Amino acid sequence: MNYVAIWLVVLVILLIIEMVTMGLTTIWFAGGALAAALLALADMPVALQLLAFLMISLILLFSTRPLALNYFNRDRVKTNVDELIGKQAIVLTEINNLKGSGKASLNGMEWSARAVSDTEIIPAGTVVNIRAIQGVKLIVEEKAMIKEKENKEA
């Protein structure tokens, strides 16, 4: 049986999967397949080829994957809006849930804003804390309201 051809097919399949997914996972196993193909070319036993495939793949995966991920992800900007929860914003236009109006500024960007309570009206210029994000709207609470709640609970 021609094990060199089998390992080369495995290598090509793993490379195609890596190109399609870009997940930096199958590339390491492709390295193992290349090592196994070289051993097959040297007419080494199949058990040694399999062992080399597994060992080289795992060594590559665990030793170089973290470095590669850091290299490829170093310029990536986090866009997770969950990081905004707990931060402060400034109310630009009065927040009135009953009227469906309100805007707030956060990090130089203007957001639609709604109050936590439907009865709360927050005037422009007020500093608010972000409690949640629903779609593209900040759900905010006036800082003074938060302090009152903390005092009542204590």
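Residues numbered from 1 in each chain as written. Predicted model: local features only at pLDDT ≥ 70, side-chain atom pairs only at ≥ 80, totals over all residues. Heavy atoms only, no water.

(A) Summary view of the overall build of the protein. When its secondary structure is counted, the protein shows four helices and six strands. When the helices and strands of the protein are placed in sequence order, the string is α-α-α-β-β-β-β-β-β-α. Buried positions account for 30% of the 154 residues belonging to the protein. A separation threshold of at least 6 residues defines the contact pool for the protein, and within that pool the share at least 24 residues apart is 48%. Accessible area for the protein stands at about 10,200 Å²; split by element, carbon and sulfur atoms hold 65% of it. (Helix = DSSP H or I, 4+ residues; strand = E, 2+ residues; numbered from the N terminus. Buried < 20%, exposed > 50% of the residue type's maximum accessible area, 1.4 Å probe, protein only. Contact = heavy atoms within 4.5 Å. Areas by Shrake-Rupley, 256 points an atom, 1.4 Å probe, with all protein chains shown as cover.)

(B) Representation of the packing of helix 1 (residues 3–21) against helix 2 (residues 26–41) in the model. Axis separation between helix 1 and helix 2 bottoms out at 8 Å; the angle between their running directions is 165°. It follows from the interaxial angle that helix 1 and helix 2 lie roughly antiparallel. Pair helix 1 / helix 2 crosses with left-handed handedness. Side by side, helix 1 and helix 2 meet where Tyr3, Val4, Trp7, Leu8, Val10, Leu11, Leu14, Leu15, Ile17 and Glu18 of the first sit next to Thr26, Ile27, Phe29, Ala30, Ala33, Leu34, Ala36, Ala37, Ala40 and Leu41 of the second. (Axes fitted to C-alpha atoms, helices over the stretch in contact; angles between N-to-C directions. Parallel < 35°, antiparallel > 145°, perpendicular 65-115°, else oblique. Left-handed = near helix turned anticlockwise from the far one by under 90°.)

(C) Broad picture of a nonpolar patch on the surface. A cluster of nonpolar side chains, contributed by Met44, Leu48, Leu51, Met55, Ile56 and Ile59, occupies part of the molecular surface with about 510 Å² of accessible area. By secondary structure assignment, the location of Met44 is in the loop between helix 2 and helix 3 (46–73). (Patch = residues over 30% accessible without salt bridge, like charges linked within 9 Å, V, L, I, M, F, W, Y side chains within 5 Å. Salt bridge = Lys/Arg side-chain N within 4 Å of Asp/Glu carboxyl O.)

(D) Up close: helix 2. Across its 16 residues, helix 2 extends 22 Å between first and last C-alpha, which sits within 8% of the 22 Å expected from 1.5 Å per residue. Along helix 2, the residues that are buried comprise Thr26, Trp28, Ala30, Gly32, Ala33, Ala35, Ala36, Ala37 and Ala40. Phi turns positive, to about 65°, at Asp43, one or two residues after helix 2. (Expected span 1.5 Å × (residues − 1).)

(E) Layout of the packing of aromatic side chains. A complete count under the given rule lists two aromatic pairs for this structure. Taking 5.2 Å as the distance between ring centres and 40° as the angle between the ring planes, the aromatic pair formed by Trp7 and Phe53 counts as tilted. Separated by 46 residues along the polypeptide, Trp7 in helix 1 and Phe53 in helix 3 bring together distant segments of the chain. Classification of Phe53 by relative accessible area gives buried; the value is 15%. Measuring from centroid to centroid gives 6.4 Å for Phe29 and Phe53, while their planes differ by 50°, and the two rings are tilted. Note that Phe29 is positioned in helix 2 and Phe53 in helix 3, a separation of 24 residues in sequence. (Phe/Tyr/Trp six-rings, centres within 6.5 Å; stacked < 30°, edge-to-face > 60°.)

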